[in-house]
Every structure is written in structure tokens, then in C-alpha cells.
Amino acid sequence: MIDAIGFVSHAHRGATVKFSLQCADTAGVQSAETSKRFVMKRILILSTALAALALTGCQTIKDEHEKILNRDETLTNVVGNVWRIEAKWPGVHQANRLVEHLAERARQHCGQGDKGMLPLRGASTNGTEDGAKSATAWLEFRCQNPLDYRPEYKGIKGSFEVEELTDPDSYRKN
């Protein structure tokens, strides 16, 4: 009969954590207290691990938030329904994401007035890998009413007589 099972786990920085589980044939006060302690230890270890994970994740989120705060984006009216949106993203090497972002912002801007976005012209420049130069892009676009073109299939209309198809003389007439 086994009264206790124990094992040792070596944690990340050399600390040793001991777990033990006691089993008994009879359900007594001691086994109930031991299982409560076991559960409480487990909860403490898991909550400590989650807190450490959350704290390391917070620094990463803070770094990304700083990058977003340093982004510069302007939307100006050129003339009438023609608009120009410009942006500069520091710390970004490829300008592809920036171009997609500008197109989406232009669609959102035109969508506020229930209009569609028609891109006119634009350009983008990649940033440097070391972050010394930011990725930049600009887009000129027009907000215009949708065309409301709704194609409608009306089918093929025609009529024929059965005799026309079966009578060989009718083919010679046509």
C-alpha cells in the first residue's frame, strides 16, 4: 500500500519545487486537509506563473504601443471629393502593411458618406532595417457615388414550331 507519492521538478532558474500527493484507504480529516493544501499549492503556482507571463507580455505590448504612438497620419482635402492621406511608420521596414492600412482608411473615410473609394495615385517608400528611416506612403483618392449597375438576366426568348424542326422541307426554305 502506498501512503504518499512524491516527485521533484526542476524549475527554470535552478529552483526546486516539490509536489506530493498523499493517498489513504480511509477518508479522514488528515487526507482532506492534505488535498486542500495540494490544491492551494497548485493554485498558487499557477497564479504565480500566469502573473510572470502577464508581466513579460506587458512589456511587449508597451513597446508596440510606443511604435503606434509615434506613427504620423494626416488626411487632407485636395479639391472637391479628392483627398490625400499620408502616413509615416517608424520602426517598420516594409511599406506593404502601411499601403494596405492607407487604402483601408480611405475606404472607411468614403464609407462614412455612403460613397465608394476610387484610388487615383500614390507612392510608398520602405524604411531601413535598422530603423533609422521610417516607412512612408501617401494615397490620393476620390470619394464617389456607387454606379448602381445591377445586371439582370432575362433569359433567351424565342419560339419555334415542331414541324419546323422535323420537316426537311422547312430547312430548305430558311
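One can find the structure itself at the top, above this paragraph.
Reading the values: the criteria
Counting restarts for each chain: residues are numbered from 1 in the order of the written sequence. pLDDT decides what is reported in this predicted model: residues at 70 or higher carry local features, side-chain atom pairs at 80 or more are listed and counted, and totals for whole chains, interfaces and linings draw on all residues regardless. Neither water nor hydrogens contribute to the side-chain values; these are computed over all heavy atoms in the structure. Strands are runs of DSSP state E lasting at least 2 residues, helices are runs of H or I lasting at least 4, and numbering of each runs from the N terminus. Expected helix span is taken as 1.5 Å per residue step, with the number of steps being one fewer than the number of residues. Each residue gets one of three labels from its accessible area relative to the maximum for its type: buried under 20%, exposed over 50%, partly exposed in between, using a 1.4 Å probe on protein chains only. In this description, one arc is meant: the one made by directions from the helix axis to the C-beta atoms. Whether two residues are in contact is decided by their heavy atoms: any pair within 4.5 Å suffices. For this analysis, a nonpolar core means a set of buried residues of the types Ala, Val, Leu, Ile, Met, Phe, Trp, Tyr and Cys, connected via side-chain atoms within 4.5 Å. Salt bridge criterion: a side-chain nitrogen from Lys or Arg within 4 Å of a carboxyl oxygen from Asp or Glu. A strand pair is defined by DSSP finding two or more bridges across the two strands. Each axis is a line fitted through C-alpha atoms, and for a helix only the stretch in contact is used; angles between axes span 0 to 180 degrees, taken between their N-to-C directions. We call a pair of cysteine sulfur atoms a disulfide whenever their separation is within 2.5 Å.

**Focus: helix α2 (residues 96-111)**
For step 1, the next point in the chain: With 16 residues, α2 should reach 22 Å at 1.5 Å per residue; the first-to-last C-alpha distance of 23 Å fits that figure.
For step 2, the next point in the chain: Within α2, the full set of buried residues consists of Leu98, Leu102, Ala103, Ala106 and Cys110. Along the axis of α2, the buried residues cluster in a sector spanning 140°; they form a single face. Across α2 from its buried face, at more than 90 degrees, point the exposed residues Asn96, Arg97 and Glu100.
For step 3, the next point in the chain: Packing partners of the buried residues in α2 comprise β4 (82-89), β5 (116-125) and β6 (135-144).

**What about the nonpolar core?**
For step 1, the next point in the chain: Judged by nonpolar contacts, the single largest core of 14 residues is most densely connected at Leu98, Leu102 and Phe141.
For step 2, the next point in the chain: Secondary-structure elements contributing two or more residues to this core are β4, α2 and β6.
For step 3, the next point in the chain: With five residues, the single largest contributor to this core is β6.
For step 4, the next point in the chain: Those residues in contact with phenylalanine 141 that lie beyond four places of it in its chain are Leu75, Asn81, Val82, Trp83, Ile85, Ala106, His109, Cys110, Met117, Leu118, Pro119 and Leu120.

**Quick look at the pattern of salt bridges**
For step 1, the next point in the chain: All chains considered together, the criterion is met by five salt bridges.
For step 2, the next point in the chain: Across the pair glutamate 73 and arginine 105 runs a salt bridge whose closest N-O atoms are separated by 2.7 Å. Within this pair, whereas glutamate 73 is found in strand β3 (residues 72-79), its partner arginine 105 is found in helix α2, the two being separated by 32 residues in sequence.
For step 3, the next point in the chain: Residue arginine 105 is classed as partly exposed on the basis of its relative accessible area of 31%.
For step 4, the next point in the chain: With a closest N to O distance of 3.1 Å, arginine 107 and glutamate 104 form a salt bridge.

**Observations concerning the sheet that holds β6**
For step 1, the next point in the chain: The antiparallel open sheet is built from four strands, whose spatial order is β3-β4-β6-β5. Looking at the sheet topology across the chains shown, the edges are occupied by β3 and β5. Strand after strand, the sheet turns through a mean of 20° between neighbouring axes, direction not considered.
For step 2, the next point in the chain: Bridge count between β5 and β6: nine bridges; the pairing is antiparallel.

**A look at the state of the cysteines**
For step 1, the next point in the chain: Evaluated as defined, the whole model comprises one disulfide.
For step 2, the next point in the chain: Linked covalently through their sulfurs, cysteine 110 and cysteine 143 form a disulfide whose S-S length is 2.0 Å. Residues cysteine 110 and cysteine 143 are joined through a disulfide that is left-handed, its torsion about the S-S bond being -75°. A residue pair is termed long-range when its members are at least 10 positions apart, and cysteine 110 in helix α2 and cysteine 143 in strand β6 qualify at 33 residues. Of the two residues examined, cysteine 110 and cysteine 143, each falls in the buried class.

**Concerning the environment of asparagine 70**
For step 1, the next point in the chain: Relative to the helices and strands, asparagine 70 is located in the loop between α1 (29-69) and β3.
For step 2, the next point in the chain: With 21 residues separating them along the chain, asparagine 70 and glycine 91 place their C-alpha atoms 9.4 Å apart.
For step 3, the next point in the chain: Discounting residues that sit within four places of it in the chain, asparagine 70 has contacts with Lys88 and Pro90.

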